[in-house]
Amino acid sequence: MSSVHPAIDQTRLPTHVAVIMDGNGRWAKQRGGMRIFGHQSAITAVRDTVEAAAELGIGYLTLYAFSTENWGRPKHEVMALMQLLVHTIRQETPTLLKNSVRLQAIGDTSQLPAACQRELAEAMELTAAGNRMTLVLALSYSGRWDLAQAARQLAQEVSEGKLQPQEVTEEAVASRLATAGIPDPELLIRTSGEQRISNFLLWQLAYTELYITDLLWPDFRRQHFYEAILAYQRRERRFGKTSEQLTVS
């Protein structure tokens, strides 16, 4: 593993970084290959990003691996993606264990093929004691699905008398989301130049800094992750306040 970028301020790191890994299909098309070739080639980008984040001391890294909407893609591509997911989880679990990285998943994972569910459950159980970083895979996930399932939980609790309507606060909603217990991302990285959040962590991204790069995901490497961190550190996070208010001790 290479040394951490010297210009990065270790005292001002985001606790949680989320990544929309976009551009695999375009990357493959530019090279005359099928879309799955792009997905296969993206594994190096994932590995580099996870290693860079862990080395820096990032507490949480969330990767948008498969959205609810992705189920609408051609069946052969979806099946190839699922097979790749199983293979990658199996292949990378020993490295996660070695580096004390805990694996978690968010999303409607019951929709995944049985083999994927088994590999995922096993990897999460094996890495549960990891305390260096938590790697969160968003699988069969969408922000609207997340909000809807949280709303259903709250509605059920109100109907059963376990919760009063006035107790449905922001904190109550957050605690029913798939990310309950995970801090909101301070930085979102999106590759491929697309300027949208694509139904990802809609509630959680309320005050997240956005970093968009034209790089296609298979070309993303640790130096690009460092560049995103440096860009984040140059920004002023005001949370609705003025710059002057932030300078008042």
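The residue count restarts for each chain, going from 1 along the sequence in the order it is written. Predicted model: local features are reported for residues with pLDDT of at least 70 only, side-chain atom pairs are reported and counted for 80 or more only, and whole-chain, interface and lining totals are derived from all residues. As a convention, hydrogens and water are excluded, and side-chain values are obtained from all of the structure's heavy atoms.

*Asks:* I would appreciate a short explanation of the overall build of the protein chain in the present structure.
*Replies:* Summing up its helical and strand segments, the protein chain has nine helices and six strands in all. A globule of 249 residues ought to have a C-alpha radius of gyration of about 18 Å, and the protein chain, at 19 Å, matches this closely. Taken over the C-alpha atoms alone, the protein chain extends approximately 55 × 45 × 35 Å along its principal axes. For the protein chain, the proportion of its 249 residues judged to be buried stands at 47%. Throughout, a contact is declared for two residues whenever any of their heavy atoms are within 4.5 Å. In the protein chain, the proportion of contacts linking residues at least 24 apart, taken out of those at least 6 apart, comes to 77%. Of note, the protein chain has its 26 positive side-chain charges centred 5 Å away from the centre of its 27 negative side-chain charges. Only runs of H or I of at least four residues qualify as helices and only runs of E of at least two qualify as strands under DSSP, and these elements are numbered from the N terminus. Radius of gyration: over C-alpha atoms. The globule rule applied is 2.2 Å multiplied by the number of residues raised to the 0.38 power. Buried means the residue's accessible area, taken with a 1.4 Å probe over protein chains only, is under 20% of the maximum for its type, while exposed means over 50%, and partly exposed covers the values in between. Within this scheme the basic residues Lys and Arg register as positive and the acidic residues Asp and Glu register as negative, but His and the chain ends are omitted. For the purpose of locating charges, the reference atoms are NZ of Lys, CZ of Arg, CG of Asp and CD of Glu.

*Asks:* Looking at this structure, how should I read the side chain of R222?
*Replies:* Along the chain, the position of R222 falls in helix 8 (residues 222-233). Relative accessible area serves as the criterion here: at 10%, R222 is assigned to the buried category. Within polar-contact distance, the side chain of R222 engages the side chain of E55 at 2.9 Å. Between N or O atoms, a polar contact is any pair within 3.5 Å; within protein, one atom must be a potential hydrogen donor and the other a potential acceptor, and residues adjacent in sequence are included only when both atoms are from side chains.

*Asks:* Which parts of the structure should I look at to understand the side chain of S41?
*Replies:* Turning to its location among the elements, S41 is positioned in helix 2 (residues 35-41). Separated by 2.8 Å, the side chain of S41 and the backbone oxygen of F37 make a polar contact. When neighbours within four sequence positions are excluded, S41 is seen to be in contact with W27 and P218.

*Asks:* Any chance you could explain the pattern of salt bridges here in plain terms?
*Replies:* Should their charged atoms come close, side chains of opposite charge can pair. Definition used for salt bridges: Asp or Glu carboxyl oxygen within 4 Å of a side-chain nitrogen of Lys or Arg. For the coordinates displayed, the defined rule picks out 13 salt bridges. In this structure, E51 and R222 form a salt bridge, with 2.9 Å as the shortest nitrogen-oxygen distance. Of this pair, E51 sits in helix 3 (residues 43-56) while R222 sits in helix 8, and the two are 171 residues apart along the sequence. Both residues of the pair, E51 and R222, count as buried. For the salt bridge of R90 with E119, the shortest nitrogen-to-oxygen distance reads 2.8 Å. Here the residue R90 occupies a position in helix 4 (residues 75-98), and E119 occupies one in helix 5 (residues 114-126), the gap between them amounting to 29 residues. Assessed through its relative accessible area of 15%, E119 is described here as buried. Among the ionic contacts, a cluster of salt bridges with common partners joins D22, R26, R190, E194 and R196.

*Asks:* Is there a simple way to think about unusual backbone geometry in this case?
*Replies:* A negative phi angle characterises most non-glycine residues, just as the trans form characterises most peptide bonds. Positive phi, close to 50 degrees, is recorded for S140, a residue that is not glycine. On the secondary structure map, S140 appears in strand 4 (residues 133-141). Judged by relative accessible area, S140 falls into the buried class, the value being 1%. Not every positive phi belongs to a glycine, and L201 is a case in point at roughly 45 degrees.

*Asks:* Any chance you could explain the nonpolar core here in plain terms?
*Replies:* Across soluble globular proteins, nonpolar side chains show a tendency to be buried alongside one another. Core analysis: the largest hydrophobic core is formed by 45 residues, its most contacted members being V17, L61, I189, F225 and I229. What F225 contacts, discounting residues up to four positions off in sequence, is V17, T49, A52, A53, L56, I58, L61, I189 and F220. Membership of the second largest hydrophobic core comes to twelve residues, among which are A18, Y64, V136 and A138. Definition of nonpolar core: a set of buried residues of the types Ala, Val, Leu, Ile, Met, Phe, Trp, Tyr and Cys, connected through side-chain atoms within 4.5 Å.

*Asks:* How should I be thinking about helix 6 (residues 143-159) in this particular structure?
*Replies:* Residue pairs three or four apart in sequence face the same way in an α-helix, which turns once every 3.6 residues. Residue count minus one, scaled by 1.5 Å, sets the expected span of a helix. Counted at 1.5 Å a residue, the expected span for helix 6 with its 17 residues is 24 Å, and the 24 Å between its end C-alpha atoms agrees. Every buried residue belonging to helix 6 is among G143, D146, Q149, A150, L154 and E157, and all of these are buried. Buried residues along helix 6 cover an arc of 140 degrees about the axis, so they all sit on one side. Projecting away from the buried face of helix 6 at angles above 90 degrees are the exposed residues R144, R152 and S159. Looking at the packing, one finds that the buried side of helix 6 touches strand 4 and helix 7 (170-174). With its phi angle positive at about 80 degrees, G161 sits one or two positions after the end of helix 6. In this description, one arc is meant: the one made by directions from the helix axis to the C-beta atoms.

*Asks:* It is not clear to me how the pairing of strand 4 should be interpreted in this structure. Could you clarify?
*Replies:* Among the nine residues of strand 4, nine are classified as buried, and the element is accordingly described as predominantly covered. We treat two strands as partners when DSSP finds at least two bridges between them. With seven bridges connecting them, strand 2 (residues 60-67) and strand 4 associate as parallel partners. If you follow Y60 over to strand 4, its bridge partner there is T134. With six bridges connecting them, strand 3 (residues 101-106) and strand 4 associate as parallel partners. Across the sheet, residue Q104 finds its bridge partner in strand 4, namely V136.

*Asks:* Before we go on, may I ask you to explain helix 3 in this structure?
*Replies:* Between the first and last C-alpha of helix 3 there are 20 Å, a value that for 14 residues agrees with the 20 Å anticipated at 1.5 Å per step. Summarising burial for helix 3: eleven of the 14 residues are buried, a large majority. If you check which residues of helix 3 are buried, you get I43, A45, D48, T49, V50, E51, A52, A53, A54, E55 and L56. Of the surrounding secondary structure, the elements contacted by the buried residues of helix 3 are helix 2, strand 2, helix 4, strand 4 and helix 8. G57 sits one or two positions beyond helix 3 and adopts a positive phi of about 105 degrees.

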